[in-house]
Structures are given as structure tokens and as C-alpha cells.
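Notes for the structure review
Spelled out from the first residue to the last, the chains are:
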Amino acid sequence: MKVYDRLRRPAACRIATRPLQKQKGNTSLNTRNRVTVGLVLGVSFVAAGALLMAASKEHRLTVRREITTRLPPSALWSLLAAAFEDSETGPLWPNELETLRSPGLAAGAQVTATYKTPFGASSHTYTIGEYSPGQGFTYRTGPGHPLQGGGRVLILPAGSDSTLLWTVDYSYRGVSPAALFVRLYFVPRFFAQLEKNLRPLE
């Protein structure tokens, strides 16, 4: 009986230590899981903070374009005024990108611009501010517009020729699809087509 007990004891000891070894492995795994979860939560909090900061930060979108034409200032002004009243009745405006409607170009007039985007049409209103017949005007975005601000359009004499000077200053917060559309899609195409439309009229 004593010999039997001595032979059985090592095996019993090994069997008894197995659950302890398994428990040690589980503890190590749980520790790694807790570290991973902690890292994920930390990164999530940092990302959320960055998004909140970006959403609250004000950004500006500015544009300045000049187009010189052989048209005299009076002729260029007539084309521009007609386009702002009904852009589809004249040859100047890039109607494939945007159409305009208004009671006429005057101080306080409401202009409706319909943008033709790759995702469909979208209309917004603008209000004419300062107005100098034959020379230029300013405009501001109306209620519901995704961008705040406006622009200035001037016709500058250049001898017998003239220069169309167009500046824009918008502000917005966070990431604005409208700002991306204006900067990357609309502005390059609009002014290129406007200049192209002017050349046959000179």
C-alpha cells in the first residue's frame, strides 16, 4: 500500500497543478484584453475630441477671379445685368452649372440661384447689397444657405477694354459639403465657362 501511494503521488501532484497553469494562462489573456479595450477607448475619446473641435472651428472660403475682355464696360454691364435677371435668355451665363432669376439687378433685390450639381439641382437665394449701376454690386447669402457671407462684382475700365473682378468671402463651421462643392467643383468650372462665353461676344 505504501509503494502504491508513493507511485501515485507524483501523478496526483501533476494533475493538481494543471488547473493552476490553466488559470495562469486565463489571467494573462484577460490582462491583454483589458489593455486592448483601454487602448481602443483612449483612441475613441481622442478621435471624438478632434471631431468636436473640427465641428466648432470656423473656416473661410475666399475666391478672387479676374477676366479681362475687349468689351467696353457698358457692354459688359448690360450682359451681366441681363444674366442676373434671367440668365437663360442671354449668352453670357454658364447655365449648365447655374441659372439665375430676379426681378432685376437693384439694391435689395432677391436673386434665386439654382445650382446644377452631379447629385441634382439645389436652389438658394441671395440679396443684392451695395449697387452702383454700370460699375458693380455686392451680394449676401440668404436664409438657409449652408455658407455665410457673400461677394462683390466689379467692372473696371481698362482703356477701351474692361476687367470683370469677382471676389467671394464665405465662412462655415466644421466640414461643409457645400464649401467643398464650391471650391473644388463649381468655382473652377464657372469662371472657365464664363470667360469662354465672353470671347465670341467681344
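What counts, and at which threshold
Residues numbered from 1 in each chain as written. Predicted model: local features only at pLDDT ≥ 70, side-chain atom pairs only at ≥ 80, totals over all residues. Heavy atoms only, no water. Salt bridge = Lys/Arg side-chain N within 4 Å of Asp/Glu carboxyl O. Helix = DSSP H or I, 4+ residues; strand = E, 2+ residues; numbered from the N terminus. Pairing = 2+ DSSP bridges. Axes fitted to C-alpha atoms, helices over the stretch in contact; angles between N-to-C directions. Contact = heavy atoms within 4.5 Å. Phe/Tyr/Trp six-rings, centres within 6.5 Å; stacked < 30°, edge-to-face > 60°. Buried < 20%, exposed > 50% of the residue type's maximum accessible area, 1.4 Å probe, protein only. Core = buried A, V, L, I, M, F, W, Y, C linked by side-chain atoms within 4.5 Å. 1 Å grid on protein atoms, 1.4 Å probe; cavity = no way out; pocket = protein on both sides within 12 Å on 5 of 7 lines; lining within 4 Å. Points joined across faces, edges and corners; volume = space filled by probe spheres on them. Nonpolar A, V, L, I, M, F, W, Y, C, P; charged D, E, K, R; others polar. Polar contact = N/O pair within 3.5 Å; in protein donor to acceptor, adjacent residues only side chain to side chain.

1. Points about the pattern of salt bridges
Applying the stated criterion across every chain yields a total of nine salt bridges. For D86, the salt bridge identified is with R101, shortest N-O distance 2.9 Å. Here D86 is found in the loop between helix 2 (73-85) and strand 2 (98-101), whereas its partner R101 is found in strand 2, with 15 residues between them in sequence. A network of salt bridges, in which partner residues are shared, links R70, E195, R199 and E202.

2. Looking at the sheet that holds strand 3 (residues 110-117)
Read across the open sheet, the seven strands follow the order 1-7-6-5-4-3-2; overall the sheet is antiparallel. The open sheet has two edge strands with one neighbour each: strand 1 (58-69) and strand 2. Pairwise comparison of adjacent strand axes, ignoring direction, gives a mean angle of 20° for this sheet. Bridge analysis of strand 4 (residues 120-132) against strand 5 (residues 136-141) gives five bridges, and the strand direction is antiparallel. Across the sheet, residue I128 finds its bridge partner in strand 5, namely Y139. With respect to the sheet, helix 3 (residues 177-198) is in contact with strand 1, strand 2, strand 3 and strand 7 (161-173), its orientation differing from that of strand 1 by roughly 10°.

3. Focus on the packing of aromatic side chains
Going through the model one piece at a time under the given rule, you end up with 16 aromatic pairs. For the pair Y139 and W166, a centre-to-centre distance of 6.5 Å together with 70° between the ring planes defines the contact as edge-to-face. With Y139 in strand 5 and W166 in strand 7, this pair connects stretches of sequence that are 27 residues apart. According to the relative accessible area criterion, Y139 is buried, its value standing at 9%. Taken together, a centroid distance of 5.4 Å and an interplanar angle of 25° make the contact between F181 and Y185 stacked. Here the residue F181 and the residue Y185 both occupy positions in helix 3, the gap between them amounting to four residues, near one helical turn.

4. A look at the nonpolar core
Formed by 41 residues in total, the largest nonpolar core has its most connected members in L80, F84, W93, F137, Y139, L164 and W166. Looking at this core, the elements with two or more residues in it are strand 1, helix 2, strand 3, strand 4, strand 5, strand 6 (148-158), strand 7 and helix 3. In terms of residue count, the dominant contributor to this core is helix 3 (10 residues). Ignoring sequence-local partners within four residues, the contact set of Y139 consists of Y126, T127, I128, G129, G149, G150, G151, R152, V153, W166, V168 and Y170.

5. So, the layout of surface pockets
As a volume, the largest pocket reaches approximately 560 Å³. If you trace the largest pocket, you find 31 residues lining it, with Y115, Y126, F181, V182 and F186 closest to the centre. Contributions of two or more residues to the lining of the largest pocket are made by strand 2, strand 3, strand 4, strand 7 and helix 3. Here the residues of the lining of the largest pocket are counted per class, giving 26 nonpolar, four polar and one charged.

6. Describing the environment of S87
Within the secondary structure, S87 is located in the loop between helix 2 and strand 2. As a C-alpha pair, S87 and L100 span 13 residues in sequence and 5.2 Å in three-dimensional space. With sequence-adjacent residues up to four places away left out, S87 is seen in contact with A82, W93, N95, E98, T99, L100 and R101. There is a polar contact of 2.9 Å between the side chain of S87 and the backbone nitrogen of L100.

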